[in-house]
Amino acid sequence: MSELTDTSVPKFAAGCRWGGTTDAPVVLFPEGAIRVEGTGRIILELCDGHFSLAQIVEQLETQFMLAPKGKVRADVQTFLEQLHAKRIIDY
Amino acid sequence: MTQCSNPLALIAEITHRCPLHCVYCSNPLELTSRKEELGTADWLRVFNEAAALGVLHLHLTGGEPLARQDLTEMIAGARQARLYTNLITSGIGLSRERLGELVEAGLDHIQLSFQDSNEGPANWIAGTRAHAHKMELAAWIRERPIGRQEIGERRIAFTVNLVVHRQNIEHLEEMIAALEALHPDRMEIAHAQYYGWALQNRSALLPTRLQLDRAVAVVAAAEQRLRGKVRIDMVIPDYHARFPKACMGGWGRQLLLIDPAGRALPCHAAGVIPGMRFDNVREHSLNWIWTSSEAFQKFRGEDWMPEPCRSCDRRHEDFGGCRCQAFLLTGDASATDPVCELAPLHHLIEEAVREDAVTGSAPEVTGAPFHVLQEKMDGFWSYRTDPK
């Protein structure tokens with residue numbers, strides 16, 4: 001399994017894309033779909049191939065200023081690693 | 001009327017025509033002919049109705065879906081309806097150019113079947129020379145871009161599907177390694193399911209318990225090794241399970257299948273159940289079929305369940321197993337799925353395993369044309385034939 005570092009650029013894996021409606025978006029992938037809301041949705045919207053992990057974390061820290069230092073990064077990393085194991089996110 | 005949820009996926013069996021003759025095919029023995037097939041406009045209407053019902057995934061299957069000349073149009077229509085489109089194919093009939101067209105039309109995912117990793121045995125199981133083309137096609141799928149330049153980097157998801165049974169299970173490790181070299185995103189290790197032609201050929205296909213245990217260990221090791229690289233999904237043969245599978249995620253609960261003639265079925269094999277009326281999308285809306293037709297309500301929910309299912313905690317997990325299997329093995333579609341160790345007729349499965357799951361040498365014939373294979377293998381297994 002490849003390693004997720006600050007310079008990694010997470011993006012949707014082949015054949016994974018947004019679907020559903022603007023009000024209830026889902027991520028579609030082979031044989032499945034996940035509903036994403038809240039922070040998950042914000043993270044995945046940043047996984048468009050333009051932002052590195054460090055940049056994604058920075059944007060989230062700006063939005064969630066009260067979160068303890070280091071927690072945002074750890075949470076984002078766990079979330080993306082889980083989706084990587086399911087072959088939904090590549091980096 | 002039992003309350004129902006929205007369907008999530010539509011399985012569209014767009015044709016029963018197929019250039020392969022796989023002995024494990026789960027299509028019905030009575031196949032739909034070309035002249036009975038639903039036309040393009042009807043399929044496009046069905047895709048739109050499905051999307052409106054909440055369906056997210058469309059699985060285009062058959063037979064061989066590539067046998068339909070209007071496949072590109074169907075994929076474009078499905079994409080327009082915002083469906084996620086999966087093509088389940090043998091790859092026969094797919095040139096590099098046509099692959100480009102399908103991707104440009106909006107195909108999201110291609111699932112390519114393999115019968116073995118070695119050409120001789122693969123063609124023997126498929127009853128035709130298909131293997132070499134599949135290998136070539138796998139390389140085209142990984143090219144980027146596929147099709148015209150404007151699509152740029154967009155790639156489709158690539159699944160390799162390997163159907164496992166007694167005639168290839170012994171070298172599963174080697175097959176996984178060979179398929180891994182094709183760089184798929186996903187690998188489906190699907191043990192044959194005993195319906196249609198596979199049920200007829202069960203005595204040649206059912207693995208022994210020991211073979212299955214070894215196969216499960218091989219897959220677990222591959223999963224570990226390929227984590228983050230290739231996602232592996234495995235379907236085990238339920239004859240060796242203690243409890244039944246949640247067939248189709250429950251009758252009329254998540255999935256629906258439309259056969260080539262337009263009949264809507266709650267399960268691939270449901271056509272075998274006598275006395276059932278399966279309504280046709282030519283005459284009814286998908287919404288009515290899903291919510292109100294007799295067939296979709298027949299085994300929906302729990303009211304139909306006999307004991308021991310009715311009071312069993314597992315009914316929320318397996319929804320009572322497979323109705324078609326219950327009928328095929330016991331003659332009663334309402335019976336407890338005999339796979340379940342709690343089923344009154346579970347001995348039918350034990351007998352099938354005792355009689356059919358026995359190792360022995362197969363008269364492997366390679367490099368022969370179909371009619372020779374058919375003749376030489378007669379009595380061992382019967383190849384799937386094409387609809388009239």
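Residues numbered from 1 in each chain as written. Chains lettered and ligands numbered in written order. Predicted model: local features only at pLDDT ≥ 70, side-chain atom pairs only at ≥ 80, totals over all residues.

### With respect to the overall build of chain A
Within chain A, the secondary structure is distributed over three helices and five strands. Secondary structure of chain A in N-to-C order comes out as β-β-β-β-α-α-α-β. Rg of the C-alpha trace for chain A: 13 Å, near the compact-globule value of 12 Å for 91 residues, within the 12% margin. C-alpha extents for chain A along the principal axes are approximately 35 × 30 × 20 Å. Among the 91 residues that make up chain A, the fraction classed as buried is 29%. Intrachain contacts of chain A at a sequence separation of at least 6 include 52% that bridge at least 24 residues. (Helix = DSSP H or I, 4+ residues; strand = E, 2+ residues; numbered from the N terminus. Rg over C-alpha atoms; globule rule 2.2 N^0.38 Å. Buried ≥ 20, exposed ≤ 12 C-beta atoms within 10 Å, placed from the backbone. Contact = placed C-beta atoms within 7 Å.)

### So, the overall build of chain B
When helices and strands are counted, chain B shows 15 helices and nine strands. Taking 21 Å as the expected radius of gyration for a compact globule of 388 residues, we find that chain B reaches 21 Å, a close match to that expectation. Principal axes of the C-alpha set define a box for chain B whose edges measure 60 × 50 × 45 Å. Counting the 388 residues in chain B, one finds 50% classified as buried.

### Brief notes about the nonpolar core
Generally speaking, soluble globular proteins have nonpolar side chains that are buried together. In terms of nonpolar packing, the biggest core is built from 135 residues, with B:Leu10, B:Tyr24, B:Ala198 and B:Cys267 touching the most fellow members. Looking at this core, the element that brings in the most residues is strand S5 (residues 157-164) of chain B, giving six residues. (Core = buried A, V, L, I, M, F, W, Y, C linked by C-beta atoms within 7 Å.)

### What about the packing of helix H2 (residues 53-63) of chain A against helix H3 (residues 71-85) of chain A?
Residues and elements named next belong to chain A. Where H2 contacts H3, the axes come no closer than 9 Å and their chain directions differ by 125°. Accordingly, the angle class assigned to the pair H2 and H3 is oblique. In the packing of H2 onto H3, the handedness of the crossing is right-handed. Of the residues in H3, those in contact with Ile-56, Val-57, Leu-60 and Glu-61 of H2 are Val-72, Arg-73 and Val-76. Across the contact of H2 with H3, the residue classes tally to five nonpolar, no polar and two charged. (Axes fitted to C-alpha atoms, helices over the stretch in contact; angles between N-to-C directions. Parallel < 35°, antiparallel > 145°, perpendicular 65-115°, else oblique. Left-handed = near helix turned anticlockwise from the far one by under 90°. Nonpolar A, V, L, I, M, F, W, Y, C, P; charged D, E, K, R; others polar.)

### Focus: H2(A)
The set of residues buried in H2(A) consists of A:Leu53, A:Ile56 and A:Val57. Looking straight down H2(A), one finds its buried side chains confined to an arc of 95°; they lie on one side. (Arc of directions from axis to C-beta.)

### Re the interface of chain A and chain B
Taken together, the 14 residues of chain A in the interface contact 15 residues of chain B. Of all the secondary structure elements, the ones that give two or more residues to the side of chain A that touches chain B are strand S3 (25-29) and H3 of chain A. When its residues are assigned to classes, the side of chain A that touches chain B shows eight nonpolar, four polar and two charged.

### Side note on the packing of helix H1 (residues 40-53) of chain B against helix H2 (residues 71-80) of chain B
Residue and element names in this part refer to chain B. At their nearest, the axes of H1 and H2 sit 9 Å apart, and the two run at 20° to each other. Here H1 lies roughly parallel to H2, going by the angle between them. H2 is crossed by H1, and the crossing has right-handed handedness. Of the residues in H2, those touching H1 at Thr-40, Trp-43, Leu-44 and Phe-47 are Glu-73, Met-74, Gly-77 and Ala-78.

### A look at the environment of A:Pro25
All names here are of chain A. With respect to the helices, strands and loops of the structure, Pro-25 is situated in strand S3. Taking the number of C-beta atoms within 10 Å as the measure of exposure, Pro-25 has 16 and is therefore partly exposed. The sequence separation of Pro-25 and Arg-35 amounts to ten residues, and the corresponding C-alpha distance is 6.4 Å.

### Here's the deal with the sheet that holds strand S6 (residues 186-191) of chain B
Paired through their backbone hydrogen bonds, the strands of a sheet run either parallel or antiparallel. All names here are of chain B. The strand order across the open sheet built from nine strands is S7-S6-S5-S4-S3-S2-S1-S8-S9, with neighbouring strands paired in mixed fashion. Each of the sheet's edge strands pairs with one partner strand only, and the pair in question is strand S7 (231-235) and strand S9 (264-265). Two strands pair when backbone bridges link them, and strand S1 (residues 9-13) and strand S2 (residues 57-61) are joined in this way by five bridges, in the parallel orientation. Note on S2: the bridge partner recorded for Leu-10 is Leu-58. Against the sheet, helix H5 (residues 131-141) touches strand S4 (109-114) and S5, its axis set at about 155° to S4. Each of S4, S5 and S6 touches helix H6 (residues 172-180); the most contacted strand, S5, lies at about 160° to it. (Pairing = 2+ DSSP bridges.)

What is shown is where atoms sit, not what they do.
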